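Inside the fold
What follows is the residue order along each chain.
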Amino acid sequence: MFTGIISDIGEVRELEQRGDLRARIATGYDTGTIDIGASIACDGVCLTVVALGGDWFDVQISAETVSKTNLAAWSVGYRVNLERALKVGDELGGHIVSGHVDGQAEVISVRQEGDSTRVVLRAAKPLARFIAPKGSVALNGTSLTVNEVDGCDFGINFIPHTKVATTWGDVQEGDRVNLEIDTLARYVARLTEMS
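Residues numbered from 1 in each chain as written. Predicted model: local features only at pLDDT ≥ 70, side-chain atom pairs only at ≥ 80, totals over all residues. Heavy atoms only, no water.

The next thing to look at is the state of the cysteines. Following the criterion strictly, the structure yields zero disulfides and no others. Cysteine 46 provides the cysteine sulfur closest to cysteine 42, a residue in no disulfide bond, and the two sulfurs are 8.6 Å apart. A relative accessible area of 0% places cysteine 42 in the buried class. (Disulfide = S-S within 2.5 Å. Buried < 20%, exposed > 50% of the residue type's maximum accessible area, 1.4 Å probe, protein only.)

Printed below as a string of structure tokens:
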């Protein structure tokens, strides 16, 4: 489990197809405190650490994960939002994020509003029904509050801190981002279907 509070920006150093895709990610984390088998959310995707070095870790990514996320667009030099798994007693500053991406959203527009950046995204219809005004979503692993919803489109504001502490300062129209809907919304919808 994660909180959607990004704690490092990594960079893809190597990509290799070895049956599954294997990625080496440079990090500012103290890799001496990371165990082989640990989970790290990489752009919101919960991935397992399979090797470690002084300032990097490797993850193995299945074809299923590549097909459901934006990881197919990764290239050497690509910047990645990182978050280590939540530990008992950690502050829950965002919302409960599983790292199990539901699909992708497309950035439709980006515009400045004062010091903040207003981004409108479009989700696939089956996922859009779970997105509500003032609800939470995780986009590329970042816990965010939805401002408004119009059909399949929804708006997010990024304050200056978020743009510096995550990769959201690089956002452009046409980008495809990993979308995880709020766990609570998922269960409420399922309970409603069963009644």
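Even without a glycine there, the phi angle at aspartate 43 is positive, about 55°. With respect to the helices and strands, aspartate 43 occurs in the loop between strand E3 (39–42) and strand E4 (45–52). Unusually for a residue other than glycine, asparagine 140 sits at a positive phi of about 50°. Turning to its location among the elements, asparagine 140 is positioned in the loop between strand E9 (136–139) and strand E10 (142–145). Note on asparagine 140: relative accessible area 5%, which makes it buried. (Helix = DSSP H or I, 4+ residues; strand = E, 2+ residues; numbered from the N terminus.)

Attention now moves to the packing of aromatic side chains. As enumerated under the stated definition, the model contains two aromatic pairs in all. Taking 4.5 Å as the distance between ring centres and 20° as the angle between the ring planes, the aromatic pair formed by phenylalanine 158 and tryptophan 168 counts as stacked. Of the two residues, phenylalanine 158 sits in strand E12 (residues 153–158) while tryptophan 168 sits in the loop between helix H3 (160–165) and strand E13 (176–181), which places them ten residues apart along the sequence. Above the face of the tryptophan 56 ring, arginine 24 is positioned so that its terminal group lies 3.5 Å from the ring centre. (Phe/Tyr/Trp six-rings, centres within 6.5 Å; stacked < 30°, edge-to-face > 60°. Lys NZ or Arg CZ within 6 Å of the ring centre and 35° of its normal.)

Here we take up the pairing of E10. Note that E9 and E10 share four bridges and pair antiparallel. Note on E10: the bridge partner recorded for leucine 139 is threonine 142. The hairpin formed by E9 and E10 contains two residues between the paired strands, and asparagine 140 there has a positive phi angle of roughly 50°. (Pairing = 2+ DSSP bridges.)

Most of E13 is tucked away: five of the six residues are buried. Pairing of strand E7 (residues 103–113) with E13, which is carried by four bridges, proceeds in the antiparallel orientation. Opposite alanine 105, over in E13, you have valine 177 as the bridge partner.

Once that is clear, we can look at a nonpolar patch on the surface. Taken together, the side chains of Met1, Leu86, Leu92 and Ile96 make up a nonpolar region of the molecular surface, amounting to roughly 320 Å² of accessible area. Relative to the helices and strands, leucine 92 is located in the loop between strand E6 (79–84) and E7. (Patch = residues over 30% accessible without salt bridge, like charges linked within 9 Å, V, L, I, M, F, W, Y side chains within 5 Å. Areas by Shrake-Rupley, 256 points an atom, 1.4 Å probe, with all protein chains shown as cover. Salt bridge = Lys/Arg side-chain N within 4 Å of Asp/Glu carboxyl O.)

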